[in-house]
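In case you want the letters, here they are:
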Amino acid sequence: MKDINFGTFPTMITPYHDDNTVDYEAVKNITNWYIANGCTGIFAVCQSSEMVYLSLEEKVKIAKTVVETVKASGKDVSVVASGHNSDDMDAQVRELTAIAETGVDAIVWVSNRLDLHNDGDEVWIKNAEKLLSQLPEDIAIGIYECPYPYKRLLTKEILDWCISTGRFTFIKDTCCDPDELDRRLEQIKGTSIKLYNANSQTLLYTLRNGGAGFSGIMANFHPDLYAWLCENYDKDDRRVQSVQNFLCLCAFLEVLAYPQTAKYHMNKVGVPMSLWSRSCDHKKFTKYQRMIIDDIMTAEEDIRELIRK
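Residues numbered from 1 in each chain as written. Predicted model: local features only at pLDDT ≥ 70, side-chain atom pairs only at ≥ 80, totals over all residues. Heavy atoms only, no water.

Colleague: Help me out: how do you make sense of the overall build of the chain in this one?
Modeller: For the chain, the helix and strand inventory stands at 11 helices and 8 strands. Rg of the C-alpha trace for the chain: 18 Å, near the compact-globule value of 19 Å for 309 residues, within the 12% margin. When its C-alpha atoms are laid out on the principal axes, the chain stretches across 50 × 50 × 40 Å. The buried share among the 309 residues of the chain stands at 58%. Looking at the chain alone, contacts between residues at least 24 apart form 74% of all its contacts between residues at least 6 apart. Across the chain, 34 positive and 45 negative side-chain charges occur, with their mean positions spaced 3 Å apart. (Helix = DSSP H or I, 4+ residues; strand = E, 2+ residues; numbered from the N terminus. Rg over C-alpha atoms; globule rule 2.2 N^0.38 Å. Buried < 20%, exposed > 50% of the residue type's maximum accessible area, 1.4 Å probe, protein only. Contact = heavy atoms within 4.5 Å. Lys, Arg positive; Asp, Glu negative; His and termini not counted. Charge placed at Lys NZ, Arg CZ, Asp CG, Glu CD.)

See below:
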């Protein structure tokens with residue numbers, strides 16, 4: 001199984017044409033933009049990708065397009081992908097097997113799919129054992145604590161089971177709790193599992209305590225700043241805290257009309273696509289929200305000027 005890179009893994013958005021079909025040319029352009037901005041990995045076909053609204057054929061084609069674009073770039077960029085949103089176990093096997101066949105470096109389980117009704121760790125582990133036994137043996141596994149339809153956090157018992165299999169390499173952590181992050185980082189120390197924080201507010205804290213990087217929404221706005229922080233977190237440099245402070249405040253943009261906000265931002269930086277989304281009514285993305293994104297883009301340039309000094 002291929003090792004997963006340290007660093008920034010944006011949760012990739014799905015671009016559409018105005019007729020609601022996936023814009024695969026824009027998928028390539030977004031991938032190349034991530035790479036050009038220092039991302040060492042990409043989390044494709046995830047919640048940000050609106051995977052619940054994608055057909056299996058679309059999920060597979062998106063993942064494959066990202067893998068092929070990364071290969072064509074010649075850069076060392078890890079690609080992980082999910083698409084794991086069915087309730088039925090047989091359907092989950094089909095989803096994850098199909099994603100594995102695209103050539104991604106790891107397939108990512110959605111934690112709540114292993115315990116649909118939050119019945120407890122015993123149910124989760126039993127279902128996980130069944131799922132793992134039916135998947136290809138040569139593909140690494142990741143876990144994403146997706147908030148939809150409910151957030152199923154990883155307990156110590158579940159994480160112990162993951163470690164025992166030797167198959168898990170990637171956790172997209174959404175607990176947003178420094179104490180819980182401390183426990184998890186200590187638990188996975190010396191194992192094959194790497195933790196990627198989805199929460200900007202605790203990112204620097206986790207990097208300094210053994211975290212492997214960032215995987216979240218806001219890497220769709222200023223991935224270069226996340227990449228810089230992941231590369232410089234351990235330096236005695238006041239700019240490190242300044243970048244963390246900026247990322248902390250900007251992350252509150254997540255409550256706006258996402259993913260339209262990210263698509264608007266990408267258009268402004270030269271990655272053209274429609275603002276169409278299957279998960280969010282475009283009318284929610286108002287002139288007021290556009291003004292906020294415009295102001296944030298001005299502030300981004302100020303931060304970039306600071307780190308260039």
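From this point, the narrative continues.
Colleague: Mind showing me how you'd approach the packing of aromatic side chains here?
Modeller: Where two aromatic rings form a pair, the distance of their centres and the angle of their planes describe that pair. All told, the structure shown has 12 aromatic pairs when counted by the stated rule. Geometrically, the ring pair formed by Trp-33 and Tyr-34 is tilted, given 6.0 Å between the ring centres and 45 degrees between the ring planes. Residue classification places Trp-33 among the buried residues on the basis of a relative accessible area of 11%. With a centroid separation of 5.3 Å and an interplanar angle of 90 degrees, the aromatic rings of Trp-109 and Phe-168 are classed as edge-to-face. Taken as a pair, Trp-109 in strand β4 (residues 106-110) and Phe-168 in strand β6 (residues 168-173) lie far apart in primary sequence, 59 residues in all. Residues Trp-109 and Phe-168 agree in their burial class; the two are buried. Across the ring face of Tyr-24, the terminal group of Lys-61 is positioned such that the distance to the ring centre comes to 4.3 Å. (Phe/Tyr/Trp six-rings, centres within 6.5 Å; stacked < 30°, edge-to-face > 60°. Lys NZ or Arg CZ within 6 Å of the ring centre and 35° of its normal.)

Colleague: Is there a simple way to explain the nonpolar core in this structure?
Modeller: Most often, soluble globular proteins keep nonpolar side chains buried together rather than apart. Counting residues in hydrophobic clusters, the biggest one holds 105 residues, and the most contacted among them are Val-66, Val-104, Ile-107, Trp-109, Trp-124 and Trp-161. Counting residues per element, this core draws most heavily on helix α1 (residues 24-36), which supplies 7 residues. Those residues within four positions of Ile-107 in sequence are excluded, and the remaining contacts are Ala-81, Leu-96, Ile-99, Ala-100, Leu-135, Ile-139, Ala-140, Ile-141 and Gly-142. (Core = buried A, V, L, I, M, F, W, Y, C linked by side-chain atoms within 4.5 Å.)

Colleague: Would you explain the pairing of strand β7 (residues 194-197) in this entry?
Modeller: Residues in a regular strand project their side chains so that they alternate between the two faces of the sheet. Sheet topology places β6 next to β7; 4 bridges connect them, and they run parallel. Residue pairing for β7: Asp-173 is matched across the bridge by Asn-197. In terms of strand pairing, β7 meets strand β8 (residues 213-214) through 2 bridges, oriented parallel. Looking at β8, one finds that Tyr-196 is bridged to Gly-213. (Pairing = 2+ DSSP bridges.)

Colleague: Got a minute to help me understand unusual backbone geometry in this structure?
Modeller: Note: most residues except glycine have negative phi, and most peptide bonds are trans. Look at the link from Tyr-148 to Pro-149: it is a cis peptide, with omega at -5 degrees. Tracing the chain through its elements places Pro-149 in the loop between β5 (140-144) and α5 (156-165). Note that the residue after Tyr-258, namely Pro-259, is joined by a cis bond; omega there is 10 degrees. Within the element layout of this structure, Pro-259 appears in the loop between α9 (238-250) and α10 (260-268). A positive phi angle is found at Glu-50, which is not glycine, with a value near 60 degrees. Its place among the elements puts Glu-50 in the loop between β2 (41-44) and α2 (56-73). Here the phi dihedral of Asn-118 falls at roughly 55 degrees; this positive angle occurs in a residue that is not glycine. Mapped onto the fold, Asn-118 is located in the loop between β4 and α4 (121-133). Residue class for Asn-118 comes out partly exposed when judged on its relative accessible area of 48%.

Colleague: How should the packing of α1 against α2 be read in this particular structure?
Modeller: Between two packed helices, the angle of one axis relative to the other and the distance separating the axes together describe the packing. Taken N-terminus to C-terminus, the directions of α1 and α2 make an angle of 45 degrees; their axes are 9 Å apart at the nearest point. Taken together, α1 and α2 sit at an angle that is classed as oblique. Note that α1 runs across α2; the crossing there is right-handed. Contacts from Tyr-24, Val-27, Lys-28, Thr-31, Asn-32 and Ile-35 in α1 reach Glu-58, Lys-61, Ile-62, Thr-65, Val-66, Thr-69, Val-70 and Ser-73 in α2. Among the residues forming the contact of α1 with α2, the class breakdown is 6 nonpolar, 5 polar and 3 charged. (Axes fitted to C-alpha atoms, helices over the stretch in contact; angles between N-to-C directions. Parallel < 35°, antiparallel > 145°, perpendicular 65-115°, else oblique. Left-handed = near helix turned anticlockwise from the far one by under 90°. Nonpolar A, V, L, I, M, F, W, Y, C, P; charged D, E, K, R; others polar.)

Colleague: Help me out: how do you make sense of the packing of α9 against helix α11 (residues 287-308) in this one?
Modeller: Relative orientation of the contacting elements α9 and α11 amounts to 165 degrees, with a least axis distance of 10 Å. Considering their axes alone, α9 and α11 lie roughly antiparallel with respect to each other. In this structure, α9 crosses over α11, and the sense of that crossing is left-handed. For the pair α9 and α11, the contacting residues are Arg-239, Ser-242, Val-243, Phe-246 and Cys-250 in the first and Ile-296, Ala-299, Glu-300, Ile-303, Leu-306, Ile-307 and Arg-308 in the second. Looking at the contact of α9 with α11 residue by residue, the classes come out as 8 nonpolar, 1 polar and 3 charged.

These values are about where atoms sit, not about what they do.
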